[in-house]
Amino acid sequence: MKKIIILSALFLLFFLFSFSQNLVNLKYDEAVQAYKNKNFESAVSKIKEIKPLYTTVPPKVSYLEIMAKSEILKSDLTNDFAMIDELRRLTGKYLKDNVNRKNDSYTNIKYISFELNNYPKDLATFNAIKLQKEQDESLRKQQLEKEAAEEKARKEREEIEAKVKQEKEAII
């Protein structure tokens, strides 16, 4: 009887482990598909769901997370300093843990790591750059509004001149 209970328990554990692995693989595949569809936020979200399920996060999951976050950062350079800092940490850990791999993934992560050197190193510098960018954007919007107002005034002036000219011709 004990043997049956033990065998049943082992079978159940094996089944649960197998099921959880399938779930993790399914979520990972969804994250890969989201990345391929350029839905980087969704890819990161799915990776965050599966990372706690691993005892040690596999390189392919870390690689995908770094690539997706890198794309998010590229789309908005003033996104968030925490994102830059986390990406630096993730790339450093990936490069350290996978130094023996030296494949295309390693090369891509190394390139991203070098690219991160172009970003601000501290929060104060990041905030100063972000503020400058916001001020530049505000000035650009003001300039566009001014140009639009000048164009509108020019068109109104031309319409008035055309009406005056028509009235003069009608009088003559």
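Scope of this entry: the structure provided in the associated data block.

Rules used throughout
Residues numbered from 1 in each chain as written. Predicted model: local features only at pLDDT ≥ 70, side-chain atom pairs only at ≥ 80, totals over all residues. Heavy atoms only, no water. Helix = DSSP H or I, 4+ residues; strand = E, 2+ residues; numbered from the N terminus. Buried < 20%, exposed > 50% of the residue type's maximum accessible area, 1.4 Å probe, protein only. Contact = heavy atoms within 4.5 Å. 1 Å grid on protein atoms, 1.4 Å probe; cavity = no way out; pocket = protein on both sides within 12 Å on 5 of 7 lines; lining within 4 Å. Points joined across faces, edges and corners; volume = space filled by probe spheres on them. Nonpolar A, V, L, I, M, F, W, Y, C, P; charged D, E, K, R; others polar. Expected span 1.5 Å × (residues − 1). Core = buried A, V, L, I, M, F, W, Y, C linked by side-chain atoms within 4.5 Å. Salt bridge = Lys/Arg side-chain N within 4 Å of Asp/Glu carboxyl O.

1. Observations concerning the environment of Ser62
Then comes step 1: Along the chain, Ser62 falls in helix α3 (residues 59-75).
Then comes step 2: On the accessibility criterion, Ser62 (19% relative accessible area) is buried.
Then comes step 3: When the C-alpha positions of Ser62 and Lys93 are compared, they lie 9.3 Å apart, and in sequence the two are 31 residues distant.
Then comes step 4: Once residues within four sequence positions are removed from consideration, Ser62 is found in contact with Val57 and Tyr94.

2. Here we look at empty space enclosed by the protein
Then comes step 1: A complete count under the given rule lists one cavity of 30 Å³ or more for this structure.
Then comes step 2: Estimated volume of the largest cavity: approximately 40 Å³.
Then comes step 3: Looking at the largest cavity, the residues that line it are Ser70, Leu73, Lys74, Ile112, Glu115, Leu116 and Tyr119.
Then comes step 4: Of all elements in the fold, only α3 and α5 (104-115) reach the threshold of two or more residues within the lining of the largest cavity.
Then comes step 5: A per-element tally of the lining of the largest cavity places α3 first, with three residues.

3. A word on the layout of surface pockets
Then comes step 1: The calculated volume of the largest pocket comes to roughly 240 Å³.
Then comes step 2: What lines the largest pocket is a set of 14 residues, and nearest its centre among them are Val57, Pro58, Ser62, Lys93 and Asp97.
Then comes step 3: Of all elements in the fold, only α3 and α4 (81-97) reach the threshold of two or more residues within the lining of the largest pocket.
Then comes step 4: Considering every element that reaches the lining of the largest pocket, the biggest residue donor is α4, with five residues.
Then comes step 5: For the lining of the largest pocket, the class distribution of residues is six nonpolar, three polar and five charged.

4. Overview of α4
Then comes step 1: Between its terminal C-alpha atoms α4 stretches 24 Å, which fits the 24 Å expected from 17 residues at 1.5 Å a residue.
Then comes step 2: Regarding α4, the residues found buried are Phe81, Met83, Ile84, Leu87, Arg88, Leu90, Thr91, Tyr94 and Leu95.

5. Comments concerning the nonpolar core
Then comes step 1: If you look at the biggest cluster of nonpolar residues, it comprises 23 residues, and the most contacted ones within it are Ile66, Leu73, Ile84, Tyr94, Ile109, Ile112 and Leu116.
Then comes step 2: Here this core takes seven residues from α4, the largest share from any one element.
Then comes step 3: When neighbours within four sequence positions are excluded, Leu116 is seen to be in contact with Leu73, Leu87, Arg88, Thr91 and Lys121.
Then comes step 4: By size, the runner-up hydrophobic cluster in this structure holds eight residues, among which are Val24, Tyr28, Ile47 and Tyr54.

6. A closer look at the environment of Ile72
Then comes step 1: Here Ile72 shows up in helix α3.
Then comes step 2: A C-alpha to C-alpha distance of 9.6 Å links Ile72 and Val44, two positions 28 residues apart in sequence.

7. Looking at the pattern of salt bridges
Then comes step 1: One pass over the structure, following the stated rule, counts eleven salt bridges.
Then comes step 2: With its nearest N and O atoms 2.9 Å apart, the salt bridge here joins Glu65 to Lys51. Of the two residues, Glu65 is situated in helix α3 and Lys51 in the loop between α2 (40-50) and α3; the sequence distance between them amounts to 14 residues.
Then comes step 3: On the basis of relative accessibility, which here comes to 3%, the residue Glu65 falls in the buried class.
Then comes step 4: The residue Glu158 makes a salt bridge to Arg154 at a minimum N-O spacing of 2.5 Å. Taken together, the residues Glu158 and Arg154, both in helix α6 (residues 123-171) and four residues apart, mark about one turn of the helix.
Then comes step 5: Among the residues examined, Glu158 registers a relative accessible area of 40% and is labelled partly exposed.

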